[in-house]
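Given next are the chains, with one letter for each unit.
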Amino acid sequence: MKVHWTATAEAHLDAIHDYIAQTSTDYARRLVDRLTRRSEQMAAFPLSGRRVPEYDLPQVREVIEGSYRIIYHITPDQIDILAVIHAAMKVLDESE
């Protein structure tokens, strides 16, 4: 299945890289590589991620990589990666 990184998710990766690169450019690059490689798992096994607790919809899932949540939406023809956020951050739900 095709994986599409949304502009928001790409911006999150850039921000993560830039923040970590302030102390270690090598670690920042390796972390972003690990995060993006998780899309291979999503493409091969779209339902392998858990449902995002804040939404509890079967088509909105997440995988964890280190301290980060990679949140994605499964459609019939592709997977849209919506966000890459630190696990300590709260995801807004529809009531907020």
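Heads up: these notes are all about the structure in this document.

1. Some words on the environment of Ala9
Looking at the secondary structure, you find Ala9 in helix α1 (residues 7–21). We classify Ala9 as buried; its relative accessible area is 0%. Once the C-alpha coordinates of Ala9 and Gln41 are considered, the two residues, 32 residues apart in sequence, prove to be 17 Å apart. In contact with Ala9, other than residues within four places in its own chain, are Ile81, Leu82, Ala83 and Val84.

2. Looking at the packing of α1 against helix α2 (residues 25–44)
Packing of α1 against α2 leaves a shortest axis separation of 7 Å and a crossing angle of 155°. Compared by their axis directions, α1 and α2 come out roughly antiparallel. Helix-helix and strand crossings are classified by hand; for α1 and α2 the assignment is right-handed. Of the residues in α2, those touching α1 at Leu13, Ile16, His17, Ile20 and Ala21 are Thr25, Tyr27, Ala28, Arg29, Leu31, Val32, Leu35 and Thr36. Class assignment of the residues belonging to the contact of α1 with α2 gives a composition of nine nonpolar, three polar and one charged.

3. Observations regarding the pattern of salt bridges
Should the charged atoms of two oppositely charged side chains come close, the side chains can pair. Evaluated as defined, the whole model comprises nine salt bridges. The closest approach of N and O atoms between Arg29 and Asp33, which form a salt bridge, is 3.6 Å. With a gap of four residues between them, Arg29 and Asp33 both fall in helix α2, about one helical turn apart. In this structure Asp33 comes out as partly exposed when scored by relative accessible area, which is 31%. We note a salt bridge from Arg50 to Glu62, for which the minimum N-O separation is 2.6 Å. Of this pair, Arg50 sits in strand β2 (residues 50–51) while Glu62 sits in strand β3 (residues 60–65), placing them twelve residues apart in sequence. Owing to a relative accessible area of 46%, Arg50 belongs among the partly exposed residues under this scheme.

What counts and what doesn't
- Residues numbered from 1 in each chain as written.
- Predicted model: local features only at pLDDT ≥ 70, side-chain atom pairs only at ≥ 80, totals over all residues.
- Heavy atoms only, no water.
- Helix = DSSP H or I, 4+ residues; strand = E, 2+ residues; numbered from the N terminus.
- Buried < 20%, exposed > 50% of the residue type's maximum accessible area, 1.4 Å probe, protein only.
- Contact = heavy atoms within 4.5 Å.
- Axes fitted to C-alpha atoms, helices over the stretch in contact; angles between N-to-C directions.
- Parallel < 35°, antiparallel > 145°, perpendicular 65-115°, else oblique.
- Left-handed = near helix turned anticlockwise from the far one by under 90°.
- Nonpolar A, V, L, I, M, F, W, Y, C, P; charged D, E, K, R; others polar.
- Salt bridge = Lys/Arg side-chain N within 4 Å of Asp/Glu carboxyl O.

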